[in-house]
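Spelled out from the first residue to the last, the chains are:
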Number of protein chains: 2
Amino acid sequence: MKIAVLGHGVVGSGVVELINKNSDIISKKAGTKVEIKYILDIRDFDDLPYAKLFTKDFNVILNDPEIEVAVEVIGGLEPSYSFVKSSLLAGKNVVTSNKELVSVKGDELLKIAKEKNKFFLFEASVGGGIPVIRPLNRCLAANRIESITGILNGTTNFILTKMVKEGYSFEQALKTAQQLGYAEANPAADIEGIDSCRKIAILASLSYGSHVAPDKIHTEGITGIKLEDIRFADALGYAVKLLGTAKKNSDGTIFIMVAPFLVEKSLPLAGIEDVYNGILVEGDAVGTSLFYGRGAGKLPTASAVVADVIDCAARFTNHGDFFWDVSSEDLVADYKKMPCRRFVTVEGGAVNESDISALSDMKQYIVNDGKTAFITSVQDEYGFTNRRAEFESKTHLKITSVLRVYNIENGEK
Amino acid sequence: MKIAVLGHGVVGSGVVELINKNSDIISKKAGTKVEIKYILDIRDFDDLPYAKLFTKDFNVILNDPEIEVAVEVIGGLEPSYSFVKSSLLAGKNVVTSNKELVSVKGDELLKIAKEKNKFFLFEASVGGGIPVIRPLNRCLAANRIESITGILNGTTNFILTKMVKEGYSFEQALKTAQQLGYAEANPAADIEGIDSCRKIAILASLSYGSHVAPDKIHTEGITGIKLEDIRFADALGYAVKLLGTAKKNSDGTIFIMVAPFLVEKSLPLAGIEDVYNGILVEGDAVGTSLFYGRGAGKLPTASAVVADVIDCAARFTNHGDFFWDVSSEDLVADYKKMPCRRFVTVEGGAVNESDISALSDMKQYIVNDGKTAFITSVQDEYGFTNRRAEFESKTHLKITSVLRVYNIENGEK
């Protein structure tokens, strides 16, 4: 299956990188080889190994019947809208990461796609790489969606996190975000809530089956948030978060807005910090689900774009994407070779710090009621069993509890 | 599209209830009316309004060419395995919530489904209603999955939460779980980790494309966890969680196990409490994603089953499931009518408690540096604006900050 990538900015170059890097698994899931035939950009990229794929003329792509999917990652309304519309009208599938386009023109473009029996997919338009559009639409398809509430913009969440954690003023936090590349030189779309507004517009349109235009949504940003407010809120037990929220009313209308909200600290949304996004969906059957992850970035966003490309391909092929083979005998490694830290409790008397340090590179230990608890160094189970025997024989004490510590290096970051 | 529901236990009756309750949106998403033609159960249910749908003879279903989807919600290996296999061989799609069946026989059944070009879908087998199978397989299709780690069993998570929060012993916490209906009279499958083992087997098989049988997975339960261990771990900054975890090694093998682990409290998995499940997926492009929600229960599980039924239908119809209409003018309600609590800061001098109580039904307020902050009663914005004016005119003080409080009644629970 041949595709064209429209735009070679951050997301576009990420799409090219990802398709090249993971072409084996992408082809397997798609049931066909996914090949980039053109990249559209007005700029020159002569030094790239794939320089020959570039074109500056959209009509080359539009008029090439081999192109089955146009991937629009230019952003903004024009020329994206014209390119996407004419691609659909020409009978091509379209995948986009463009939240402005989907939120403003989604109803028209979905209608054309339906008439042409083609896909218009936009998983990457909300939540970056976090799966949310497809889960909302497919996995929760049997639910009436009662509400959707999300931290939809990583830049503003980073700023608010810095204010409460580091005591930064809004201006200091914004400057830090800009220095780290999380906020643009002109940060208005983020801090005024415009980006979040487009995203909640898309989520609400999908959930309620009716286009909710961004200009119908009351939108407040975070520029008016004072450090003092955040500190008071913190003392009262709340985090301050910029939320996009939509809720169905019993009369069929919806409440929808973007604004900073206080969120009780015991709620999952309150714990979503830094550049992370989280989207909470409430359905009448499923109850509450939450989707969490990095809401932006080159490869996370490319991950969502390429998933949509694979969907376009999988439609025409056998559904080989849901499959696993018979296992080979040696797939599962000996779990005793898995290195990790361990929590141990020692009984039988006081433990010398030097004896602890034979098992642990961490300085903290806790003594209570004659028992000592601490966290060991990273070891596999064979190594630990040996060291444990040495420790018990040397100290004449007994390790009575052993529990593994989840290895954050290999999981959450 | 006509379907048969095999089994009328908790999940089966939930599937019937949900299809009846939300038949309008289900038909819309499926692109066709989804109709239950048979319910298979050896028991009698003569009092139910849909009693005439019941049959005790599986062959009636198997030999009815009108039945396009068999929904297996009996559980256990037999007769489920025989029913599912013969349904697939007869050219029917199969949807199941049966984690034992999928984890033990998945490779064989997926192979038959592929040969017959039919669906064998099992979203409900992991995480109840939380979308995880489809997101993992479809939305993260462009990723190499580096690791998957989950709190996959609500019963054990409830027990561990009760131990740390209420100081219950393991036995007390288990008894409470049984009284609340979260644990069965024979709780072995939960507390010995068997349920979690089946679920991580399914997630690993799907992620690594190769069947990982449950009996290959080292599995430890939580019966050996002492309250004292949990308290020590808490003091050291860790939560104790029963995790299923799978991680790809550079040599192509995987580490996979089910065991209690300590999890640093700052990590999202540590904050997943009570009967909630959370599944953390790490992909090479997307980074870390987390899926969170209720991992069990009648309607949440039915929600996942019916989503798979809709997928079977949508395959044969236009993809009307991804669609929204042009909006009606009056869809979006006036946001100023949305009731919520508000956080306010008052400046200009001390505030009387009686003046606060005119705005607030909450007792807590904070005074710092001559400013007072508190949370107001629930009101819409028109009501609040009036009361604010009255407050400022009566007290000659000024409300300088106003922020909405996220309404938990309409969101997270």
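Residues numbered from 1 in each chain as written. Chains lettered and ligands numbered in written order. Predicted model: local features only at pLDDT ≥ 70, side-chain atom pairs only at ≥ 80, totals over all residues. Heavy atoms only, no water.

Looking now at the packing of helix H5 (residues 99-116) of chain A against helix H10 (residues 194-208) of chain A. Helix-helix packing is characterised by the crossing angle of the two axes and by the distance between the axes. All names here are of chain A. The interhelical angle for the contact between H5 and H10, taken along N-to-C directions, is 50 degrees, at an axis separation of 9 Å. One way to sum up the angle between H5 and H10 is to call them oblique. Judged by the twist between their axes, the crossing of H5 over H10 is left-handed. For the pair H5 and H10, the contacting residues are Lys99, Glu100, Val102 and Ser103 in the first and Asp195, Arg198, Lys199, Ala201 and Ile202 in the second. By residue class, the composition of the contact of H5 with H10 is three nonpolar, one polar and five charged. (Axes fitted to C-alpha atoms, helices over the stretch in contact; angles between N-to-C directions. Helix = DSSP H or I, 4+ residues; strand = E, 2+ residues; numbered from the N terminus. Parallel < 35°, antiparallel > 145°, perpendicular 65-115°, else oblique. Left-handed = near helix turned anticlockwise from the far one by under 90°. Contact = heavy atoms within 4.5 Å. Nonpolar A, V, L, I, M, F, W, Y, C, P; charged D, E, K, R; others polar.)

Note on the identical chains: chain A maps onto chain B by a rotation of 180 degrees and an axial translation of 0.0 Å, with an RMSD of 0.0 Å. Expressed as an axis order, the relation between the two copies is that of a two-fold axis. Taking C-alpha positions as reference, the residue of chain A nearest the rotation axis is Phe291 of chain A, located at 2.5 Å. The fraction of interface residues of chain A whose copies in chain B are also interface residues reaches 100%, indicating that both copies meet through the same surface. (Least-squares fit on C-alpha atoms with pLDDT ≥ 70 in both.)

Here we come to the side chain of Lys162 of chain A. As for its placement among the helices and strands, Lys162 of chain A is situated in helix H7 (residues 154-166). Contact partners of Lys162 of chain A, with chain neighbours within four places excluded, come to Gly167, Tyr168 and Ala173 of chain A.

This brings us to the confidence of the model for chain A. Mean pLDDT over chain A stands at 91; residues scoring 70 or higher make up 96%. Predicted complex, confidence summary: ipTM 0.87, pTM 0.89. (pLDDT = per-residue confidence, 0-100.)

The subject of this paragraph is the interface of chain A and chain B. Taken together, the contact pairs 135 residues of chain A with 135 residues of chain B. Both faces combined, the contact of chain A with chain B buries some 12,700 Å², and carbon together with sulfur accounts for 63% of it. Note that Arg404 of chain A and Glu220 of chain B form a salt bridge whose closest N and O atoms lie 3.0 Å from each other. Our count for the contact surface shared by chain A and chain B stands at 36 residue pairs in polar contact (both at pLDDT 80 or more). Counting residues per element, the side of chain A that touches chain B draws most heavily on strand E10 (residues 254-264) of chain A, which supplies 10 residues. (Buried area = accessible area lost by both parts, 1.4 Å probe. Salt bridge = Lys/Arg side-chain N within 4 Å of Asp/Glu carboxyl O. Polar contact = N/O pair within 3.5 Å; in protein donor to acceptor, adjacent residues only side chain to side chain.)

Moving on: the nonpolar core. Among the nonpolar cores identified, the biggest contains 158 residues, and Phe120 and Leu203 of chain A together with Phe120, Leu203 and Phe343 of chain B are the most heavily contacted of them. Residues in contact with Phe343 of chain B, not counting those within four places in the same chain, are Asp229, Phe232, Ala233, Leu236 and Leu262 of chain A together with Ala373, Phe374, Ile375, Ser401, Val402, Leu403 and Val405 of chain B. Listed in part, the 40 residues of the second largest apolar core include Phe255 and Leu269 of chain A together with Leu267 and Met338 of chain B. (Core = buried A, V, L, I, M, F, W, Y, C linked by side-chain atoms within 4.5 Å. Buried < 20%, exposed > 50% of the residue type's maximum accessible area, 1.4 Å probe, protein only.)

Residue and element names in this part refer to chain A. Here the structure, examined in full by the defined rule, presents 13 aromatic pairs over all chains. Measuring from centroid to centroid gives 6.1 Å for Tyr50 and Phe54, while their planes differ by 15 degrees, and the two rings are stacked. Here Tyr50 matches Phe54 in class, with each residue buried. Linked through ring pairs, Phe45, Tyr50 and Phe54 together constitute an aromatic cluster. In this structure, Lys105 is placed above the aromatic ring of Tyr81, and the distance from its NZ or CZ to the ring centre is 4.6 Å. (Phe/Tyr/Trp six-rings, centres within 6.5 Å; stacked < 30°, edge-to-face > 60°. Lys NZ or Arg CZ within 6 Å of the ring centre and 35° of its normal.)

All names here are of chain A. If you walk across this open sheet you meet the six strands as E3-E2-E1-E4-E5-E6, and the pairing is parallel. Each edge of the open sheet carries a strand with a single partner, namely strand E3 (54-55) and strand E6 (120-121). Where strand E4 (residues 67-72) and strand E5 (residues 93-96) come together, four bridges link them in parallel fashion. Within E5, the position partnered with Ala70 by the bridge is Val94. (Pairing = 2+ DSSP bridges.)

On to the environment of Gly237 of chain A. Residue and element names in this part refer to chain A. By secondary structure assignment, the location of Gly237 is in the loop between helix H11 (227-236) and strand E9 (238-248). A relative accessible area of 25% places Gly237 in the partly exposed class. For the pair Gly237 and Ala185, spaced 52 residues apart in sequence, the C-alpha separation works out to 34 Å.

Our next topic: the sheet that holds strand E1 (residues 2-6) of chain B. Residues and elements named next belong to chain B. Strand order in the open sheet made by the six strands is E3-E2-E1-E4-E5-E6, with parallel pairing throughout. The open sheet is flanked by strand E3 (54-55) and strand E6 (120-121), the only strands paired with a single partner. With five bridges joining them, E1 and strand E4 (residues 67-72) adopt parallel strand pairing. From the neighbouring strand, Lys2 faces E4, where its bridge partner is Ile67.

The next point concerns the state of the cysteines. Applying the stated rule across the entire model yields zero disulfides over all chains. Here Cys312 of chain A is not disulfide-linked; the sulfur of Cys139 of chain B is the nearest cysteine sulfur, at 13 Å. Taking the relative accessible area as the measure of exposure, Cys312 of chain A reaches 0% and is therefore buried. With no disulfide partner, Cys197 of chain B has as its closest neighbouring cysteine sulfur the one in Cys340 of chain A, 18 Å distant. Given the relative accessible area of 5%, Cys197 of chain B is considered buried. (Disulfide = S-S within 2.5 Å.)

On to the pairing of E4 of chain A, then. Among the six residues of E4 of chain A, five are classified as buried, and the element is accordingly described as predominantly covered. Handedness of the E4 of chain A-helix H4 (residues 80-89) of chain A-E5 of chain A crossover: right-handed. (Right-handed = clockwise from strand over helix to strand, strands pointing away.)

In this section: unusual backbone geometry. Following Glu78 of chain A, the chain continues to Pro79 of chain A via a peptide bond in cis, the omega torsion being 10 degrees. Among the secondary structure elements, Pro79 of chain A is positioned in the loop between E4 and H4.

Moving on to helix H2 (residues 23-30) of chain A. Of all the residues in H2 of chain A, the buried ones are Ile25, Ile26, Lys29 and Ala30 of chain A. For H2 of chain A, the angular spread of buried residues about the axis comes to 130 degrees, placing them on one side. Buried residues along H2 of chain A sit in contact with helix H1 (10-21) and helix H12 (298-314) of chain A together with helix H6 (133-139) and helix H10 (194-208) of chain B. Backbone geometry just after H2 of chain A places Gly31 of chain A at a positive phi near 75 degrees. (Arc of directions from axis to C-beta.)

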